[in-house]
Amino acid sequence: NQDGARFEQRQGLPSGAAPDSFLDLVVEEDREKARTALLLALEKASEQRLQVLCSTRSGARHMEWTLCSASGVADRVTGVIAVGRDVSAQFALHRELRSRAEQDSLTDLANRGHFLSVATAMLNRMVRTEWPVALLMIDLDFFKEVNDRWGHHAGDTALKLCADLMRKSCREQ
């Protein structure tokens, strides 16, 4: 049918290769979440919504699925209609916005707001678990003089170099 052909074309599938179930598209890590939603829709007339990563010939896509129960005689569920839409662009935008909100744009290090959030969580965990926590504070002495004497471009370069040194010297966490 024409809808199946459009689906195959959009998903980068060969003609006649449309999957029997949307589960066939879902990556292994998200398959249990998708299977649970499908079973709920099959069990009781309902509408389930979920976002999962799906694999296509053109690469992985973040998909938002709506699973609608199809009812037959006496409201018994006879099947499920799955409608999916690609939300990869929105997912990428969300990731970019979160990155901008949590990282300094010059150095790519965590900004003050993100640091305070992580530090608060670490201190709360320390209180609960009684595990020690260490904090290292680095002060760049005379940094204002670098900006005043050689300009902000030189100051930015110095900050980037310091950030790179810290990144190379520390674990990722």
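Note: the structure precedes this text.
Treat the numbers as computed from the prediction; the structure is a model and nothing was measured. (Residues numbered from 1 in each chain as written. Predicted model: local features only at pLDDT ≥ 70, side-chain atom pairs only at ≥ 80, totals over all residues. Heavy atoms only, no water.)

Quick word on the overall build of the protein chain
In step 1: Within the protein chain, the regular secondary structure consists of six helices and three strands.
In step 2: The secondary structure elements of the protein chain, listed N-terminal to C-terminal, are α-α-β-β-β-α-α-α-α.
In step 3: Sequence-distant contacts in the protein chain: of pairs separated by 6 or more residues, those separated by 24 or more amount to 33%.
In step 4: A total of about 13500 Å² of accessible surface is found on the protein chain, and carbon and sulfur atoms cover 54% of it. (Helix = DSSP H or I, 4+ residues; strand = E, 2+ residues; numbered from the N terminus. Contact = heavy atoms within 4.5 Å. Areas by Shrake-Rupley, 256 points an atom, 1.4 Å probe, with all protein chains shown as cover.)

Concerning the pairing of strand β1 (residues 47-56)
In step 1: In β1, alternate side chains face the same way, and those of Gln-48, Leu-50, Val-52, Cys-54 and Thr-56 are buried while those of Glu-47, Arg-49, Gln-51, Leu-53 and Ser-55 on the opposite face are not.
In step 2: With 10 bridges connecting them, β1 and strand β2 (residues 59-71) associate as antiparallel partners. Note on β2: the bridge partner recorded for Gln-51 is Glu-64.
In step 3: Once β1 ends, the chain turns through two residues before running back antiparallel as β2. (Buried < 20%, exposed > 50% of the residue type's maximum accessible area, 1.4 Å probe, protein only. Pairing = 2+ DSSP bridges.)

Topic: the pattern of salt bridges
In step 1: Inspection of the entire model under this criterion finds nine salt bridges.
In step 2: One salt bridge connects Arg-167 with Asp-164, and the closest N-O pair in it is separated by 2.8 Å. Remark: Asp-164 and Arg-167 occur in helix α6 (residues 152-169); sequence separation between them is three residues, near one turn of the helix.
In step 3: Its relative accessible area of 37% is what places Arg-167 among the partly exposed residues.
In step 4: Given a relative accessible area of 34%, Asp-164 falls into the partly exposed group. (Salt bridge = Lys/Arg side-chain N within 4 Å of Asp/Glu carboxyl O.)

Structural notes on the pairing of β2
In step 1: Bridge analysis of β2 against strand β3 (residues 77-86) gives nine bridges, and the strand direction is antiparallel. By the bridge assignment for β3, Met-63 is matched with Asp-86.
In step 2: The hairpin formed by β2 and β3 contains five residues between the paired strands, and Ala-74 there has a positive phi angle of roughly 55°.

Some points on the sheet that holds β3
Within a sheet, adjacent strands bond to each other through the backbone by hydrogen bonds, running parallel or antiparallel.
In step 1: On the basis of which strands lie adjacent, the open sheet formed by three strands has the order β1-β2-β3 and antiparallel pairing. Two strands lie at the open edges of the sheet, namely β1 and β3, each paired on one side alone. Ignoring which end each strand starts from, the neighbouring axes of this sheet average 30° apart.
In step 2: Of the strands in this sheet, β1, β2 and β3 are in contact with helix α2 (residues 28-43), which crosses β1 at around 145°. (Axes fitted to C-alpha atoms, helices over the stretch in contact; angles between N-to-C directions.)

Side note on unusual backbone geometry
In step 1: At Glu-130, a residue that is not glycine, the phi angle is positive and equals roughly 60°.
In step 2: Take Glu-130: it is sitting in the loop between α4 (112-129) and α5 (143-150).
In step 3: Judged by its relative accessible area of 71%, Glu-130 is exposed.
In step 4: The phi torsion at Phe-142 lies on the positive side, around 60°, for a residue other than glycine.
In step 5: Among the secondary structure elements, Phe-142 is positioned in the loop between α4 and α5.

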